[in-house]
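Okay, here's what each chain looks like letter by letter:
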Amino acid sequence: MTSKTVLRWGLYGILILFALFYLMPLFVMLTTSLKSLEEIRTGSLLALPRDHLRPWAEAWSTACAGTQCEGLRPFFWNSVLMAVPAVMISTIIGALNGYVFAQWRFRGANLFFAAILFGCFIPFQVVLLPMAQMLGLMGLAGTIQGLIFVHVIYGLGFTTLFFRNYYVTIPQELVRAAKVDGAGFFRIFWSIFLPISLPIITVSVIWQFTQIWNDFLFGVSFSGAGSQPVTVALNNIVNSTTGVKAYNVDMAAAIIAALPTLLVYVVAGKYFIRGLTAGSVRR
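This is a predicted model, so every value here is computed, not measured.

What counts, and where the lines are drawn
- Residues numbered from 1 in each chain as written.
- Predicted model: local features only at pLDDT ≥ 70, side-chain atom pairs only at ≥ 80, totals over all residues.
- Heavy atoms only, no water.
- Core = buried A, V, L, I, M, F, W, Y, C linked by side-chain atoms within 4.5 Å.
- Buried < 20%, exposed > 50% of the residue type's maximum accessible area, 1.4 Å probe, protein only.
- Helix = DSSP H or I, 4+ residues; strand = E, 2+ residues; numbered from the N terminus.
- Contact = heavy atoms within 4.5 Å.
- Polar contact = N/O pair within 3.5 Å; in protein donor to acceptor, adjacent residues only side chain to side chain.
- Patch = residues over 30% accessible without salt bridge, like charges linked within 9 Å, V, L, I, M, F, W, Y side chains within 5 Å.
- Areas by Shrake-Rupley, 256 points an atom, 1.4 Å probe, with all protein chains shown as cover.
- Salt bridge = Lys/Arg side-chain N within 4 Å of Asp/Glu carboxyl O.
- Phe/Tyr/Trp six-rings, centres within 6.5 Å; stacked < 30°, edge-to-face > 60°.
- Expected span 1.5 Å × (residues − 1).
- Bend = angle between axes of the 7 residues up to and from the residue.
- Axes fitted to C-alpha atoms, helices over the stretch in contact; angles between N-to-C directions.
- Left-handed = near helix turned anticlockwise from the far one by under 90°.
- Nonpolar A, V, L, I, M, F, W, Y, C, P; charged D, E, K, R; others polar.

## Comments concerning the nonpolar core
Note that soluble globular proteins tend to have their nonpolar side chains buried in a common cluster. Leu72, Phe218 and Phe222 are the most contacted members of the largest nonpolar core, which totals 36 residues. Of all the secondary structure elements, the ones that give two or more residues to this core are helix H4 (73-103), helix H6 (124-138), helix H7 (144-167), helix H10 (198-214), helix H11 (217-222), helix H12 (230-238) and helix H13 (247-281). Among the elements that take part in this core, H7 stands out by supplying 7 residues, more than any other. Once you skip the residues sitting within four places of it in the chain, Phe218 turns out to touch Phe124, Val127, Leu128, Leu147, Val150, His151, Tyr154 and Ser223. Ranked by size, the runner-up nonpolar core spans 20 residues in total, among them Phe162, Tyr167, Ala178 and Ile188.

Structure below.
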């Protein structure tokens, strides 16, 4: 074997070890979620389970999150009802904002864009009180619609940045030619910019969905008894102090709560990287 082959196999070995190291917590979570409490107490942490699916059923439908013993199911659908509209609205508005800042320059555009970007770096904790007051004035406090509004507002800075950086690489001659042909603002956006925006739309959707689905602070601060997202319910289930600590149910609940974002990255992760780099190489 040549030295190049040895180095290559050595690199592969190191990468496999790192992969196993990072996948070990997921393996422990999955195996623990499939064990009975007796197996957890008497067996090894790395021992394989005996195909025990009851913890998953309990985590989904009967586990107690506070005083409500309905499992993660109602909270999971709350997160779906919150994340899907918030992602769609913030992506559409961000696309229009990016289109304006990139191709329809106006006086003070750079200053206004900088102000929007500044909002991306404001910590969540700083906006809790003014956002709560705003939701109260709008009559949206403790509702799913209120959570949608919060996530749309907080995500606009990121989606605007994504689309602006993507659209700024598109030649302005296309816009001028479309204007000469009589196309207006929305016609140009719909016929020219939107058809070539699939890579950056994918980036925006993945980014926003991950941020919204995994959010806990906004969910626990602005939701009510019937509108709590899955992250709040997971926290309530795991931190329950009544009865025997069911580690298998806790692990199953954690995996269920993480499955949507995990699936998004497994299915569309490569498109996320392609979308981030697409605008930088466009001519």
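There's plenty left to go through after this.
## Description of the side chain of Gln103
With respect to the helices, strands and loops of the structure, Gln103 is situated in helix H4. Of note is the side chain of Gln103, whose polar atom sits 2.8 Å from the backbone oxygen of Tyr167. In contact with Gln103, not counting residues within four places along its chain, are Tyr167, Val168, Ile170, Pro171, Gln172, Val175 and Phe193.

## Concerning a nonpolar patch on the surface
Together, Trp9, Leu11, Tyr12, Leu15, Ile16, Leu17 and Leu20 line one region of the surface with nonpolar side chains, adding up to about 780 Å² of accessible area. Along the chain, Tyr12 falls in helix H1 (residues 3-33). Residue class for Tyr12 comes out partly exposed when judged on its relative accessible area of 41%.

## Focus on the packing of aromatic side chains
Scanning the model with the defined rule gives 24 aromatic pairs in all. Here Phe21 and Tyr22 contribute two aromatic rings whose centre-to-centre distance is 5.5 Å and whose plane-to-plane angle is 80°, an arrangement assigned as edge-to-face. The class of Tyr22 is exposed, set by a relative accessible area of 61%. An angle of 65° between the planes, with centres 6.0 Å apart, marks the rings of Tyr166 and Tyr167 as edge-to-face. Exposure remark for Tyr166: the relative accessible area of 1% places this residue in the buried category.

## Remarks on H1
When the terminal C-alpha atoms of H1 are compared, their 45 Å separation across 31 residues agrees well with the 45 Å that a helix rising 1.5 Å per residue should span. Helix geometry: H1 is bent most strongly at Leu23, by close to 40°, with proline Pro25 lying one to four residues after it. What H1 keeps buried is the set Val28, Thr31, Thr32 and Ser33.

## Topic: the packing of H4 against H10
The contact between H4 and H10 brings their axes to 9 Å, and the two run at 145°. As for how H4 packs across H10, the hand of that crossing is right-handed. Residues Phe76, Ser79, Val80, Met82, Ala83, Ala86, Val87, Ser90 and Thr91 of H4 form the contact with H10, whose own contacting residues are Ile201, Ser204, Val205, Gln208, Phe209, Ile212 and Trp213. Among the residues forming the contact of H4 with H10, the class breakdown is 11 nonpolar, 5 polar and no charged.

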